[in-house]
Amino acid sequence: MTTFMRTASILQGPLVVCRNCHSLAAFQEVSKLQEKKKNKLLFPIKDLEMYLSPDFHKTNSRLFDPSLDQIAKAEEIFRPSEKHMIDYFTSAIRMDHVPSLTQPEVCFIGRSNVGKSSLIKSLFSLVPGIEVRVSKTPGHTKKMNFFKVGKAFTLVDMPGYGYRAPQDFPDMVEPYLSTRNNLKRTFLLVDGSVGFQKADLIAIEMCEEFGIPYVVVVTKIDRPPTGVLLTNFLQISELIEKNTQACYPQPFLVR
């Protein structure tokens, strides 16, 4: 749970929501912004609340509401030092290639071109020299890529599912999700421009079947009109509330 809280704090913070503006990669730079712009970057979910009807059940959307101090503290997990090395570790295409590690793991899954590698790159934006390949071509990630975040946890970038997914995706990803004992949290990315697609629903069914704890992360929220984003957000929230057991109730929003 500690690993999840640390990673989730970053997902609500500037390292993700500013993935296209590297000058704001560090929280200390974001904290210098005017209050309105700072809150818009740090807490994007609040911008949608003004459009919701008074009877909308808001409890779930407020379960995770980190303070600025908590966000700043969480950022330190992704800041390297001599005693806290952050770097690419290895890649694997089958479970017999997966490294034997005992520290906690979190993994990121989502449709091809949902912004998964871009999000991970932003998490590591304070790590000089680390390489997280980002491509506009769907299906660019073909392997399970492991990044060690010091002794805190390992972050695993999974190949995208759906369109342009690797042919061996089921043999690669499903065994990992169902048998990896040190997997503590799965972050399932959904494109905020289009909402849930058929492949996303299949991924949710898979996570539910395996009984693994997971979180829905809504990406690209700066691209669609507010009405489209709000419709998709409500659709996602409703499905989580009514049709899931293992999913964290609050979707996280990132730019």
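Residues numbered from 1 in each chain as written. Predicted model: local features only at pLDDT ≥ 70, side-chain atom pairs only at ≥ 80, totals over all residues. Heavy atoms only, no water.

## Details of the overall build of the protein
Move 1: Assigned secondary structure in the protein consists of 10 helices and 7 strands.
Move 2: Taking all 255 residues of the protein together, the buried fraction comes to 53%.
Move 3: Taking all contacts inside the protein whose residues are at least 6 apart in sequence as the whole, residues at least 24 apart take part in 75%. (Helix = DSSP H or I, 4+ residues; strand = E, 2+ residues; numbered from the N terminus. Buried < 20%, exposed > 50% of the residue type's maximum accessible area, 1.4 Å probe, protein only. Contact = heavy atoms within 4.5 Å.)

## Focus on the environment of Phe153
Move 1: Structurally, Phe153 is set in strand S4 (residues 153-157).
Move 2: C-alpha of Phe153 to C-alpha of Leu101: the two residues are 52 residues apart in sequence and 9.7 Å apart in space.

## Brief notes about the environment of Lys38
Move 1: Within the fold, Lys38 resides in helix H4 (residues 35-42).
Move 2: Lys38 sits in the buried class, given a relative accessible area of 8%.
Move 3: When neighbours within four sequence positions are excluded, Lys38 is seen to be in contact with Val30, Ser31, Leu33 and Leu68.

## Observations regarding the side chain of Thr219
Move 1: With respect to the helices, strands and loops of the structure, Thr219 is situated in strand S6 (residues 214-219).
Move 2: Of the polar contacts made by the side chain of Thr219, one reaches the backbone oxygen of Val114; its length is 2.8 Å.
Move 3: Look past the residues within four positions of Thr219 in its chain and what remains in contact with it is Val114, Leu189, Val190, Asp191, Gly192, Ser193 and Val254. (Polar contact = N/O pair within 3.5 Å; in protein donor to acceptor, adjacent residues only side chain to side chain.)

## Here's the deal with a negative patch on the surface
Move 1: On the surface, Asp171, Glu174, Glu205 and Glu209 cluster together to form a negatively charged patch.
Move 2: When residues of the negative patch are traced back to their parent elements, those giving at least two are helix H8 (169-179) and helix H9 (198-210).
Move 3: By secondary structure assignment, the location of Asp171 is in helix H8. (Patch = residues over 30% accessible without salt bridge, like charges linked within 9 Å, V, L, I, M, F, W, Y side chains within 5 Å. Areas by Shrake-Rupley, 256 points an atom, 1.4 Å probe, with all protein chains shown as cover. Salt bridge = Lys/Arg side-chain N within 4 Å of Asp/Glu carboxyl O. Lys, Arg positive; Asp, Glu negative; His and termini not counted. Charge placed at Lys NZ, Arg CZ, Asp CG, Glu CD.)

## Things to note about the packing of aromatic side chains
Move 1: Following the criterion strictly, the structure yields 7 aromatic pairs and no others.
Move 2: With a centroid separation of 5.8 Å and 70 degrees between ring planes, the pair formed by Tyr88 and Phe147 is classed as edge-to-face. Of this pair, Tyr88 sits in strand S1 (residues 86-92) while Phe147 sits in strand S3 (residues 144-149), and the two are 59 residues apart along the sequence.
Move 3: Residue class for Tyr88 comes out partly exposed when judged on its relative accessible area of 39%.
Move 4: Their ring planes at 25 degrees and their centres at 5.1 Å tell us that Phe108 and Phe187 sit as a pair that is stacked. Linking Phe108 in strand S2 (residues 105-110) with Phe187 in strand S5 (residues 183-191), this pair joins segments that are 79 residues apart in sequence.
Move 5: Overall, the relative accessible area of 0% leaves Phe108 in the buried class.
Move 6: Assessed through its relative accessible area of 0%, Phe187 is described here as buried.
Move 7: Taken together, the aromatic side chains of Phe78, Tyr88, Phe124, Phe147 and Phe153 make up a single cluster linked through ring pairs.
Move 8: The aromatic ring of Phe89 is capped on one face by Lys148, whose charged end is 5.1 Å from the ring centroid. (Phe/Tyr/Trp six-rings, centres within 6.5 Å; stacked < 30°, edge-to-face > 60°. Lys NZ or Arg CZ within 6 Å of the ring centre and 35° of its normal.)

## Let's talk about unusual backbone geometry
Move 1: Of note, the phi angle at Asn113 is positive, near 70 degrees, even though the residue is not glycine.
Move 2: Secondary-structure assignment places Asn113 in the loop between S2 and helix H7 (116-123).
Move 3: For Asn113, a relative accessible area of 40% puts it in the partly exposed group.
Move 4: Of note, the phi angle at Lys220 is positive, near 55 degrees, even though the residue is not glycine.

## Let's talk about the nonpolar core
Move 1: If you look at the biggest cluster of nonpolar residues, it comprises 38 residues, and the most contacted ones within it are Cys107, Met144, Met158, Tyr176, Leu177 and Leu188.
Move 2: Looking at this core, the elements that each hand over two or more residues are S2, S3, H8, S5, H9, S6 and helix H10 (226-243).
Move 3: Looking at this core, the element that brings in the most residues is H10, giving 6 residues.
Move 4: Judged by nonpolar contacts, the second largest core, of 26 residues, contains Val106, Leu123, Phe124 and Phe252. (Core = buried A, V, L, I, M, F, W, Y, C linked by side-chain atoms within 4.5 Å.)

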